[in-house]
Amino acid sequence: QMQLVESGGGLVQAGGSPRLSCAASGRTFTSYAMGWFRQAPGKERELVAAISWSGGSTYYADSVKGRFTISRDNAKNTVYLQMNSLKPEDTAVYYCAGRGYYYSLRSYEYEYWGQGTQVTVSS
């Protein structure tokens with residue numbers, strides 16, 4: 001199994017630029033594609049960004065494209081989500097997830113999940 005722990009969430013004002021981190025352990029991190037999902041109250045969990053095992057391919061949801069950046073440091077077994085120009089509508093619980101080699105746009109195809117970290121954006 002692979003264990004994932006998110007950190008970096010909290011209360012931030014609109015326009016802020018926090019960075020979320022996801023630390024992995026238990027499995028070979030370099031063999032897994034990673035994704036960041038978020039879920040706001042009353043809404044379905046959605047994929048925000050994803051990155052392949054090699055880091056050579058990435059995906060971004062239209063709502064965050066140009067503002068968020070996903071990256072990974074395999075030497076540290078960590079994936080990051082740099083969030084810029086935050087808006088109140090970005091408020092959600094953010095989850096880190098993993099699957100083998102290639103990322104997917106479907107949440108049910110990710111087998112490993114962290115517990116999530118709350119990001120609250122004030123106006």
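Values in this document were obtained by computation on a predicted structure and should not be read as measured data. (Residues numbered from 1 in each chain as written. Predicted model: local features only at pLDDT ≥ 70, side-chain atom pairs only at ≥ 80, totals over all residues. Heavy atoms only, no water.)

## Regarding the overall build of the protein chain
Here's step 1: Each helix and strand counted, the protein chain has zero helices and 11 strands in total.
Here's step 2: In terms of overall dimensions, the protein chain is globule-like: its C-alpha atoms have a radius of gyration of 13 Å, near the 14 Å expected for 123 residues.
Here's step 3: Along the first, second and third principal axes, the C-alpha atoms of the protein chain reach 40 × 25 × 25 Å.
Here's step 4: With 123 residues in all, the protein chain has 43% of them scored as buried.
Here's step 5: Taking all contacts inside the protein chain whose residues are at least 6 apart in sequence as the whole, residues at least 24 apart take part in 59%. (Helix = DSSP H or I, 4+ residues; strand = E, 2+ residues; numbered from the N terminus. Rg over C-alpha atoms; globule rule 2.2 N^0.38 Å. Buried < 20%, exposed > 50% of the residue type's maximum accessible area, 1.4 Å probe, protein only. Contact = heavy atoms within 4.5 Å.)

## Digging into a nonpolar patch on the surface
Here's step 1: On the surface, Trp 53, Tyr 101 and Tyr 102 cluster together to form a nonpolar patch covering roughly 380 Å² of accessible area.
Here's step 2: Structurally, the position occupied by Tyr 101 is in the loop between strand S9 (92-100) and strand S10 (112-113). (Patch = residues over 30% accessible without salt bridge, like charges linked within 9 Å, V, L, I, M, F, W, Y side chains within 5 Å. Areas by Shrake-Rupley, 256 points an atom, 1.4 Å probe, with all protein chains shown as cover. Salt bridge = Lys/Arg side-chain N within 4 Å of Asp/Glu carboxyl O.)

## Some details on the environment of Tyr 80
Here's step 1: As for its placement among the helices and strands, Tyr 80 is situated in strand S8 (residues 78-83).
Here's step 2: Considering only alpha carbons, one finds Tyr 80 and Ser 57, 23 residues apart in sequence, at a separation of 15 Å.
Here's step 3: Apart from the residues lying within four places of it in its own chain, the contact partners of Tyr 80 are Arg 19, Leu 20, Ser 21, Trp 36, Thr 69, Ile 70, Ser 71 and Asp 73.

## Things to note about the state of the cysteines
Here's step 1: All told, the structure shown has one disulfide when counted by the stated rule.
Here's step 2: Here Cys 22 connects covalently by a disulfide to Cys 96, the sulfurs 2.0 Å from one another. The sign of the -80° torsion about the S-S bond sets the Cys 22-Cys 96 disulfide as left-handed. A residue pair is termed long-range when its members are at least 10 positions apart, and Cys 22 in strand S3 (residues 19-25) and Cys 96 in strand S9 qualify at 74 residues. Grouping residues by exposure puts Cys 22 and Cys 96 together as buried. (Disulfide = S-S within 2.5 Å.)

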